[in-house]
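# Report on the structure
Residues per chain are reported as follows:
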Amino acid sequence: MADLDSLDIPTLQNMEVIRKLQGILNKLTPENAAKLTQEVDRLSIDNEERLTRIIRLIFDKAVCETVFVVVYANLCRHMLQIKVPVDNPKEDEKKEVSFRKKLLTLCQTLFEADNKD
């Protein structure tokens with residue numbers, strides 16, 4: 001991994017938000033889901049890279065920890081309305097992307113990759 005001193009501020013901020021989310025997800029249970037969902041709401045999810053990494057982290061946790069899949073699904077449902085600016089939009093491209101779109105794209109990509117085997 002790169003030396004932390006050589007990373008730019010946005011990259012460090014992305015890493016910090018991901019680290020915080022990882023901690024929240026590690027504690028997530030049906031009993032404390034409402035409280036931890038509020039903690040997720042306080043995270044600064046404000047760019048496409050961060051949103052993409054957050055979605056992948058939640059997806060991977062749901063796949064690995066199937067006993068809590070309903071809790072992760074409810075968290076995703078809560079986050080569906082999140083929209084962030086596209087990092088490098090093309091001229092004819094939308095200027096923002098939603099949690100919903102990114103999650104569906106990830107699921108479709110993984111589904112299609114699995115069907116190629």
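This text follows the structure it describes.
Residues numbered from 1 in each chain as written. Predicted model: local features only at pLDDT ≥ 70, side-chain atom pairs only at ≥ 80, totals over all residues. Heavy atoms only, no water.

## Looking at the pattern of salt bridges
Quick reminder of the rule: One side-chain nitrogen of Lys or Arg within 4 Å of one carboxyl oxygen of Asp or Glu is enough to make a salt bridge. Starting at the N terminus, helices and strands are each numbered in turn, a helix being any DSSP run of H or I of at least four residues and a strand any DSSP run of E of at least two. Between buried and exposed lies partly exposed: a residue is buried under 20% and exposed over 50% of the maximum accessible area for its type, with that area taken using a 1.4 Å probe on protein chains only.
In total, this model carries 6 salt bridges according to the counting rule given. Notably, a salt bridge pairs Lys35 with Glu39, separated by 3.7 Å at the nearest N-O pair. Here Lys35 pairs with Glu39, and both are found in helix α2 (residues 33-41), just 4 residues apart, close to one helical turn. Among the residues examined, Lys35 registers a relative accessible area of 54% and is labelled exposed. Where Glu48 meets Lys102, a salt bridge forms, and the shortest distance between an N and an O atom there is 3.2 Å. Placement of Glu48 in helix α3 (residues 48-64) and of Lys102 in helix α5 (residues 99-115) is noted, with a sequence separation of 54 residues between them. Like Glu48, the residue Lys102 is buried in the burial classification.

## Describing the packing of helix α1 (residues 9-27) against α3
Stated formally: Here the axes come from fitting lines to C-alpha atoms, over the contacting stretch only for helices, and the angles between their N-to-C directions go from 0 to 180 degrees. Here the word oblique covers every angle except those under 35 degrees (roughly parallel), over 145 (roughly antiparallel) and from 65 to 115 (roughly perpendicular). By the definition used in this description, the sense in which the near helix is turned from the far one sets the handedness, with an anticlockwise turn below a right angle giving left-handed and a clockwise turn giving right-handed. Only heavy atoms matter for contacts: two residues are in contact if any of them lie within 4.5 Å across the pair. Residue polarity is assigned by list, with Asp, Glu, Lys and Arg as charged and Ala, Val, Leu, Ile, Met, Phe, Trp, Tyr, Cys and Pro as nonpolar; anything else, Gly included, falls into the polar class.
Relative orientation of the contacting elements α1 and α3 amounts to 25°, with a least axis distance of 10 Å. It follows from the interaxial angle that α1 and α3 lie roughly parallel. In this structure, the crossing between α1 and α3 has a hand that is right-handed. In this structure, α1 contributes Pro10, Gln13, Asn14, Met15, Val17, Ile18, Leu21, Gln22, Leu25 and Asn26 to the contact, and α3 contributes Glu49, Arg50, Arg53, Ile54, Leu57, Ile58 and Lys61. Looking at the contact of α1 with α3 residue by residue, the classes come out as 9 nonpolar, 4 polar and 4 charged.

## Here's the deal with the environment of Gln38
If you trace the backbone, Gln38 turns up in helix α2. Taking the C-alpha atoms as reference points, Gln38 and Glu91, 53 residues apart in sequence, are found 36 Å from one another.

## As for the state of the cysteines
What counts, and what does not: Any cysteine sulfur atom paired with another within 2.5 Å is treated as part of a disulfide.
Within the structure shown, the criterion is met by 0 disulfides. Here Cys64 is not cross-linked by a disulfide; its sulfur's nearest cysteine counterpart is in Cys76, at 14 Å. Counting only cysteine sulfurs, Cys107 is the nearest neighbor of Cys76, a cysteine outside any disulfide, at a range of 8.2 Å.

## Topic: the environment of Asn88
Assignment of secondary structure puts Asn88 in the loop between β1 (83-85) and β2 (96-98). In sequence terms Asn88 and Lys61 are 27 residues apart; their C-alpha atoms lie 28 Å from each other.

## As for the nonpolar core
Soluble globular proteins tend to pack their nonpolar side chains together in the buried interior. Put simply, the test is: Think of a nonpolar core as a cluster: buried Ala, Val, Leu, Ile, Met, Phe, Trp, Tyr and Cys residues, connected wherever their side-chain atoms sit within 4.5 Å.
Counting 29 residues, the largest nonpolar core has Leu21, Leu25, Leu28, Ile54, Ile58, Met79 and Phe99 as its most contacted members. It is α3 that contributes the most residues to this core, 6 residues altogether.

## Quick word on the side chain of Glu48
Relative accessible area serves as the criterion here: at 15%, Glu48 is assigned to the buried category. The contact partners of Glu48, leaving out residues within four places of it in the chain, are Val84, Pro85, Val86, Asp87, Val97 and Lys102.

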